[in-house]
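# A closer look at the structure
Chain residues, written in single-letter form:
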Amino acid sequence: MDLQQGMRTALMCALTTGDMAVHRRAVEALSARFGDAVEVSATYDADAAGYYASEMGEGLRKQLVCFSRLVAPEDLYAFKLEAIKIEEALAHAVSGALCRRANIDPGLLSLGSLVLSTSKHAPHRICIGPGLWAETTLLFQKGAYRPQPWTYLDYQRTDVQAFLLRCRRWLRQQLRAV
């Protein structure tokens, strides 16, 4: 395998929304840009932290989606910009302000880690372009994706871990086939 093929990762998106119609539209838009979904997690409650409630309302659900297109890590910035465009297309006006109805955070799943992109700065995050950052959220060690001190609790859930391991198996098969 040459170096470029070895650097391919699986593209994932974390999708948070409170409206299933918006959710479907977001997945369709993501699939049109990133390829078909090869693994999809079950949806789960995303209200625990309350971070998005003021903008997106209550009853938020989150789902992780892994797409069929293998990608180069250096493209994460472009993927986050695409996700922001989709968020804006799905947004609606409330009292003259544009409010998102979906939050989409693209990430890169490799055999060794999960790296997520975000528009929120923090000391442990690395700038990947103007106004956007990435963090190593999980490291693969001893047969599992292990959290870092800053890893959000939902990425430590048993069902999310099982989803990530299914995606890792799929990625390993894809990399071996190249």
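As the structure is a prediction and not an experimental result, all values here were calculated from the model. (Residues numbered from 1 in each chain as written. Predicted model: local features only at pLDDT ≥ 70, side-chain atom pairs only at ≥ 80, totals over all residues. Heavy atoms only, no water.)

## So, the environment of Leu-175
With respect to the secondary-structure elements, Leu-175 resides in helix α5 (residues 158–177). As a C-alpha pair, Leu-175 and Arg-33 span 142 residues in sequence and 21 Å in three-dimensional space. (Helix = DSSP H or I, 4+ residues; strand = E, 2+ residues; numbered from the N terminus.)

## Some words on the packing of helix α2 (residues 20–34) against helix α4 (residues 76–90)
One way to put it is that α2 packs onto α4 with a least axis distance of 10 Å and a crossing angle of 145 degrees. For the pair α2 and α4, the crossing hand works out as right-handed. Between α2, through Val-22, Arg-25, Ala-26, Ala-29, Leu-30, Arg-33 and Phe-34, and α4, the contact on the second element is made entirely by Phe-79, Glu-82, Ile-86, Ala-89 and Leu-90. Of the residues in the contact of α2 with α4, the class split is 9 nonpolar, no polar and 3 charged. (Axes fitted to C-alpha atoms, helices over the stretch in contact; angles between N-to-C directions. Left-handed = near helix turned anticlockwise from the far one by under 90°. Contact = heavy atoms within 4.5 Å. Nonpolar A, V, L, I, M, F, W, Y, C, P; charged D, E, K, R; others polar.)

## With respect to the pattern of salt bridges
A side chain with one charge can pair with a side chain of the opposite charge if their charged atoms come near. Using the criterion set out here, one finds 8 salt bridges in the structure. Two residues, Arg-33 and Glu-82, come together in a salt bridge whose shortest N-O distance is 2.5 Å. Of this pair, Arg-33 sits in helix α2 while Glu-82 sits in helix α4; the two residues are 49 residues apart in sequence, bridging distant segments of the chain. Taken together, the shared-partner salt bridges connect Arg-33, Glu-82 and Lys-85 into one network. (Salt bridge = Lys/Arg side-chain N within 4 Å of Asp/Glu carboxyl O.)

## Re the confidence of the model for the chain
Looking at the chain, the pLDDT average stands at 91 and 93% of residues meet or exceed 70. Within the model, the stretch residues 1–5 combines pLDDT values under 50 with 4 contacts to residues more than four positions away or in other chains. (pLDDT = per-residue confidence, 0-100.)

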